[in-house]
Amino acid sequence: MKTPTIVKPDTAKSGANMTDYDAFRADFSWDDARALIDGLPDGKLNICHEAIDRHVAAGHGDQLALRWIDKAGNRTDFTYAEMQRQTNKFANVLRARGLQKGDRVYSLHGRVPELYIAALGTIKAGCVFCPLFSAFGPEPIHSRLEIGGGNAVVTSARLYKRKLKGLRDRLPALREVFLTDGEAEDCVHLAPLMDAASDAFDIEPMDPEETALLHFTSGTTGKPKGVVHVHAAVAAHHTTGRLALDLHPGDTYWCTADPGWVTGTSYGIIAPLTNRVSMIIDEAEFDVDRWYDTLEREKVNVWYTAPTAIRMLMKAGAGAMEGHDFSNLRFMASVGEPLNPEAVVWGNENFGMPFHDNWWQTETGGIMIANYACADVKPGSMGRPMPGIQAGVVEVTDEGAHELTEPLAMGELALRAGWPSMMRMYLNQEERYNKCFSNGWYLTGDQAMRDSDGYFWFVGRSDDLIKSAGHLIGPFEVESALMEHAAVAEAGVIGVPEETAGEIVKAFVALKPGNEPSDDLLLDLMGHARKKLGPAVAPKSIEFRTNLPKTRSGKIMRRLLKARELGLPEGDISTLESDES
Ligand code: AMP
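Predicted model only: the values in this text are computed from it and were never measured.

Colleague: I keep staring at the site of the ligand and nothing clicks. Help me out?
Modeller: Residues in contact with the ligand amount to 17 residues; listed here are only the nearest, Asp357, Asn358, Gln361, Thr362 and Asp446. At 3.4 Å from a nitrogen atom of the ligand is found a main-chain nitrogen or oxygen belonging to Glu337. For the ligand, an oxygen atom lies 2.9 Å from a polar atom in the side chain of Lys467. In isolation the ligand offers 500 Å² of accessible surface; the protein chains occlude 96% of this area. Elements supplying a minimum of two residues to the shell around the ligand: strand S14 (355–359) and strand S23 (456–461). With 3 residues, S14 is the largest single contributor of residues to the shell around the ligand. Within the shell around the ligand, the residues separate by chemical class into 8 nonpolar, 4 polar and 5 charged.

Structure below.
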């Protein structure tokens, strides 16, 4: 909190969608926000109509909707009219293959146009879209398809063969696999079906409370949770895009998040398109020169990225920026993990504007706390609640949650329930869902403080979930995969701080009798975990232990493992049963 506030010049406010935070907040109502979207006759709604079709109907069909840059650097453009045709075709393909309203269509793909067309076409047909991260290994893919009852998957031949094929007999609900390239047994090739399909489709009019999206988020103690979002959420996607990212129609916008995670859907597909911007999609992974080239050549106006990437750009130094012209950039934002104050200041010094940190999570569906184009930025703070959102710091006691109003009191970050993009349930896990609420507050699982100006400061998570390079990882999922190795008796998984990725996954493993720690076994375990979980989730480091600290009920005390690893106080260990010998 020592880094000086970055005071916005008046010019930063002119032209912004919101020019005075307090006044806008006082006047705001979600009904007004809902009035900014079209809707369909008889109170119906469809996110795809708001994202694509309405812009074509309003005469913007020729505007660029999506520019795809493939790995080799070639660009392919899709106008709004083309996206309408393609999503109509995809919706017709789903129908022709027997997929009806409410069926669940998953994607498992790198960033290619087919993924975006499938996402929007699925929603257009009234099916539920569920993205999977393409760097997941077979186990996370299986659990998410099983819990969500996935009926169809859109993927590539390579990903299918490596990750999905071996799971098919364990996924009875999965009827259809669409391959965007190549061929494989028991799959259909998407391209000829798309060619043959009509480009006219009557969009499925949805009740606003019907499900549109299913996202998975990790759990600390159990399987991943299926987070259900409905069509009505689009009002929040649209408005948060306008206010927190300051999106204007016609902007060139680049969201670097992968659509396998919620940011890549809410702000990599829906919010930008409902705001009628032109999106840049880069198929390639992070690369300093490529990113700077893309920002300059594509004349990006609004850029939404993440702390790990920003820290990697900072590491590359000012030399990498030399000779680039970023004069088209108007607004830069960051999300997903704590953004260190130095990164905000670095943005200000090198791009002439700070990175605007904002905070939200899979469950909230959209940005809840943000730094705005019109407001001063306190480096290191997540900013202030969105208009329409009441945030607080609460303490949860036996009487439930109560707000701590004194400035800088530390407690759990909580939100007053009731905005349009709030999750409607954890799929088939009512009890877990109900536990998120107390005395009218939604409890986020994060620890935070609010200062006397109403800015929120992230302190840490109150659970054991790990944020590595922006990906939320559940220790239970990693522990379960390690336990499947024949030599492993127990596993405890924690996040340890790391300079670039924020945290990395570290596992402690106790072996079954008859097994001895060795370098070979370590390598074997690492390989086993990567194969099962994929590189994004597998531990980066594994350590052998004779025994792991456990509670009397047999639960591994991750907190204690972490405290010991980091040399922190061990806290309350009264429930400790067994310990390392
Ligand atoms: P996910 O549901 O995967 O999007 O992860 C949400 C979690 O990421 C939050 O509950 C926080 O723990 C963390 N997170 C998201 N944005 C921020 C931020 N701006 N600062 C600190 N942590 C963040």
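Read on, since the account is not over.
Colleague: Please explain the side chain of Arg67 as it appears in this structure.
Modeller: Turning to its location among the elements, Arg67 is positioned in strand S1 (residues 64–69). Judged by relative accessible area, Arg67 falls into the buried class, the value being 17%. Among the polar contacts made by the side chain of Arg67, one reaches the side chain of Asp77 at a distance of 2.7 Å.

Colleague: What is the right way to read the sheet that holds strand S2 (residues 75–79) from this model?
Modeller: Backbone-to-backbone hydrogen bonds pair the strands of a sheet. The strands run either parallel or antiparallel. Sheet architecture is open: 9 strands sit in the order S2-S1-S11-S10-S12-S13-S14-S15-S16, paired in mixed fashion. Looking at strand neighbours, the two that pair on one side only are S2 and strand S16 (384–385), the edges of this open sheet. Sheet topology places strand S15 (residues 369–370) next to S16; 2 bridges connect them, and they run antiparallel. Its bridge partner lying in S16, Ile369 is registered against Pro385.

Cut-offs applied
- Residues numbered from 1 in each chain as written.
- Predicted model: local features only at pLDDT ≥ 70, side-chain atom pairs only at ≥ 80, totals over all residues.
- Heavy atoms only, no water.
- Near = heavy atom within 4 Å.
- Polar contact = N/O pair within 3.5 Å; in protein donor to acceptor, adjacent residues only side chain to side chain.
- Areas by Shrake-Rupley, 256 points an atom, 1.4 Å probe, with all protein chains shown as cover.
- Helix = DSSP H or I, 4+ residues; strand = E, 2+ residues; numbered from the N terminus.
- Nonpolar A, V, L, I, M, F, W, Y, C, P; charged D, E, K, R; others polar.
- Buried < 20%, exposed > 50% of the residue type's maximum accessible area, 1.4 Å probe, protein only.
- Pairing = 2+ DSSP bridges.

Remember, this is a structural readout, not a statement about activity or role.
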